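Close look at the chain arrangement
These are the residues of each chain, in order.
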Amino acid sequence: MKSKVSVKKRKIHRRKQRAFVCFLFPSLAGVIVFVLLPFIDVIRRSFMTVMSGLFVGIENYKKVIHNQAFALAVKNTIHFTGTAIPLLVVIGLVASMALSKLKDTRVIKSLYLFPMAMPTATVVIVWRMFFYKQDFDSLVASYLWKNIGYTLILWLAGIAAIPREFVEAAHVDGAGWFRCFIYVKLPCLKGSLYTIIILSFLNSFKIYREAYLVAGSYPGQDIYLLQHIFNNWYINLEFDKLAAATVIVGLFLFVFIILLNLFWNSDKK
Amino acid sequence: MKKIIKILVETTTKLIFIAAGIIICAPVFLVITGSVMGSSDLQECLAPVFQDAKGFVSWKLIPKYPTIEHYIKLLFQTPQFFVLFWNSVKMTLFILAGQMLVGIPAAWAFAVYPVRGKNVLFTLYVVLMLLPFQVTMFSTYLILNKLSLLNTHWAVILPAIFNTFPIFVAYGGFKSIPDALLEAARIDGAGELYIFIKIGFVLGKSGILSAIVLGFLEYWNMIEQPLAFIENKALWPLSLYLPEIDWTRAGFAFSASVIMLIPAVFVFVMGQDYLEQGIVYSGLKL
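Residues numbered from 1 in each chain as written. Chains lettered and ligands numbered in written order. Predicted model: local features only at pLDDT ≥ 70, side-chain atom pairs only at ≥ 80, totals over all residues. Heavy atoms only, no water.

A word on the pattern of salt bridges
For the structure shown, the criterion picks out 14 salt bridges over all chains. One salt bridge in this structure joins A:R44 and A:D41, with 2.8 Å as the shortest N-O distance. Taken as a pair, A:R44 and A:D41 lie in helix α1 (residues 2-45) at a separation of three residues, close to a single helical turn. Classification of A:D41 as buried rests on a relative accessible area of 12%. Residues participating in the shared-partner salt-bridge network are A:R15, A:K16, B:E183, B:R186 and B:E192. (Salt bridge = Lys/Arg side-chain N within 4 Å of Asp/Glu carboxyl O. Helix = DSSP H or I, 4+ residues; strand = E, 2+ residues; numbered from the N terminus. Buried < 20%, exposed > 50% of the residue type's maximum accessible area, 1.4 Å probe, protein only.)

See the structure below:
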């Protein structure tokens, strides 16, 4: 009797495995063909010259690392993400703390989400009218403007999920507003923080749209980003450097994301 | 007394939020008023910025002599505009349809089936989702070149179909379906495909719609992809063409912007709940 049940269980399990493969197959095949295999080709090319395809070892990597424009772009990109993301996170948290106490916030939320629907091209026309300077600050402002909406939504969802009893217990124990915020609410919001950082990081690269449309391929010194240099090497057919830079930045992001993921998951247990 | 203060504080906060929100949405008002201003009015307003590169725009919220000349010019005398508009529509629709066919089943697979090695694949998908366009640009170029798809609409459509972002959004919706329900359906003899269509699509609807709303707003605004892979300007989407319009034809640019805004605003208004839901879902399993 027992063996019959286990046979049936195994059968169901095999059926689930088969279904998993079938449902995932189109997506996985596409990812392999359009992303993974060509990426291997990029790695191969990063060790070769552009035209003749001769093997040159790590020559291309040396060229990229010693390239001044690349160094500038890395510096600016780190500067941008290091400024814009913390600003977005903090402004979003402060605003949503206040917002969470209000009722009927639907209209307010849609006002803040609306920039997501505004075509970049439209934004750029208006941007040109007001920020004729096109500098670092206006880039950060534009990023905050576009991304504040979903940051608010995510923080609000996090705040709504804080168990009421926790806060009440803290108040009963005599904790003031500030201590309650630091020791009770903030730890509960860790998950939201992680999500917000990941999504705003993902969107921080899209600031290139505004930067490019407003200032073109060669903008001012302080907003020349990694995205610009990738694009310029691509347009100028400097594929040797492009391949090496792709591998460097791709590998860096890969490790960064995996570490973040591991850190987060170890925390959960 | 305490109650009055509380209400006062609440109302003030609300007003501050609404005021800031209106400032955030101000570009829309600017574009709309700009689109109905006469050309000479516009020149007068914009000249300090574009000619001298200093000074500020002086803007009138209600134009002195409203006109629809720009719209008439755009809709009746610029057939090229329709080509570009159609390009945008076509690419966005094909991408969304493709993502539904490919991404939704993948999201279902990840959400429903406990299979060994799933987490490794899932992590791979997370990394792929987070890689910026520029990092995948060269590899995408190589494969498009090999398939001789460069400089066609497919160069933009095909890679976007396999973007992994919608999978995470739809995943959130599928994950909310109780496991017991699926097991019950299996015991009743339902096949996996049947369960996916009859239960997944119905109960996971919010996740799927969220993915569509977020996807539409993203691809309606595409800049990087067509810029990199489509040289022929007649194949460009509107989003890439608009910024090319010179400021001396600002009225034209404004009215084109308004037309471009309409579908986006429509989707935004219809799908705001799904948009919010989608934002929350996309963060569930990062």
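A closer look at the confidence of the model for chain B
All names here are of chain B. Model confidence for chain B is summarised by a mean pLDDT of 87, while 93% of its residues fall at 70 or above. The lowest-confidence element of chain B is helix α2 (residues 39-50), averaging 71 in pLDDT; the highest-confidence one is helix α7 (residues 154-161), averaging 96. Our summary of model confidence lists the complex with pTM equal to 0.89 and ipTM equal to 0.88. (pLDDT = per-residue confidence, 0-100.)

Here's the deal with the interface of chain B and chain A
Taken together, the contact pairs 99 residues of chain B with 84 residues of chain A. The interface formed by chain B and chain A holds eight salt bridges in total. A salt bridge links B:E218 to A:K206, with the nearest nitrogen and oxygen atoms 3.2 Å apart. Taken together, the links from chain B to chain A amount to 15 residue pairs in polar contact (both at pLDDT 80 or more). No other element matches helix α1 (residues 2-35) of chain B, which puts 14 residues into the side of chain B that touches chain A. Counted by class, the side of chain B that touches chain A contains 73 nonpolar, 14 polar and 12 charged residues. (Contact = heavy atoms within 4.5 Å. Polar contact = N/O pair within 3.5 Å; in protein donor to acceptor, adjacent residues only side chain to side chain. Nonpolar A, V, L, I, M, F, W, Y, C, P; charged D, E, K, R; others polar.)

Quick notes on the nonpolar core
A:F80, B:W108, B:F174, B:F229, B:L275 and B:I279 are the most contacted members of the largest nonpolar core, which has 191 residues in total. It is helix α4 (residues 79-112) of chain B that provides the largest number of residues to this core, a total of 16 residues. B:W108 has contacts with A:F23, B:Y113, B:F174, B:I177, B:L182, B:I195, B:F196 and B:G200, leaving out every residue within four places of it along the chain. (Core = buried A, V, L, I, M, F, W, Y, C linked by side-chain atoms within 4.5 Å.)

So, the packing of aromatic side chains
Counted according to the given criterion, the structure contains 37 aromatic pairs over all chains. Judged by centre distance (6.1 Å) and plane angle (15°), the ring pair of A:F23 and B:Y113 falls under stacked. With A:F23 in helix α1 and B:Y113 in the loop between α4 and α5 (118-130), the pair connects residues from two separate chains. By the burial criterion, A:F23 is buried, and B:Y113 matches it. Centroid distance B:F94 to B:W154: 5.4 Å. Interplanar angle 80°. Geometry classified as edge-to-face. Of the two residues, B:F94 is situated in helix α4 and B:W154 in helix α7; the sequence distance between them amounts to 60 residues. Through a chain of ring-to-ring contacts, the aromatic side chains of A:F20, B:F110, B:F122, B:Y125, B:F168 and B:Y171 assemble into a single cluster. (Phe/Tyr/Trp six-rings, centres within 6.5 Å; stacked < 30°, edge-to-face > 60°.)

Section: a positive patch on the surface
Together, A:K8, A:R10, A:K11, A:R14 and A:R18 make up a region of like positive charge exposed at the surface. Within the fold, A:K8 resides in helix α1. (Patch = residues over 30% accessible without salt bridge, like charges linked within 9 Å, V, L, I, M, F, W, Y side chains within 5 Å. Areas by Shrake-Rupley, 256 points an atom, 1.4 Å probe, with all protein chains shown as cover. Lys, Arg positive; Asp, Glu negative; His and termini not counted. Charge placed at Lys NZ, Arg CZ, Asp CG, Glu CD.)

Some details on empty space enclosed by the protein
To locate leftover empty space, one rolls a probe as large as a water molecule over the atoms. With the rule as written, the count across this model stands at three cavities of 30 Å³ or more. There is about 1,100 Å³ of room inside the largest cavity. Residue lining of the largest cavity: 49 residues in total, with A:L202, A:K206, B:N163, B:E218 and B:Y219 positioned closest to the centre. For the lining of the largest cavity, the element with the highest residue contribution is helix α11 (residues 205-219) of chain B, accounting for six residues. Split by residue class, the lining of the largest cavity holds 29 nonpolar, 14 polar and six charged. (1 Å grid on protein atoms, 1.4 Å probe; cavity = no way out; pocket = protein on both sides within 12 Å on 5 of 7 lines; lining within 4 Å. Points joined across faces, edges and corners; volume = space filled by probe spheres on them.)

Quick word on the packing of helix α3 (residues 68-99) of chain A against helix α9 (residues 190-204) of chain A
Residues and elements named next belong to chain A. Two elements in contact, α3 and α9, have axes whose closest approach is 10 Å; the angle formed by their N-to-C orientations is 135°. Here α9 runs oblique to α3, going by the angle between their axes. Note that α3 runs across α9; the crossing there is right-handed. Residues F80, T81, I85, L88 and V89 of α3 lie in contact with α9, whose contacting residues are L193, I196, I197, S200, F201 and S204. Counted by class, the contact of α3 with α9 contains eight nonpolar, three polar and no charged residues. (Axes fitted to C-alpha atoms, helices over the stretch in contact; angles between N-to-C directions. Parallel < 35°, antiparallel > 145°, perpendicular 65-115°, else oblique. Left-handed = near helix turned anticlockwise from the far one by under 90°.)

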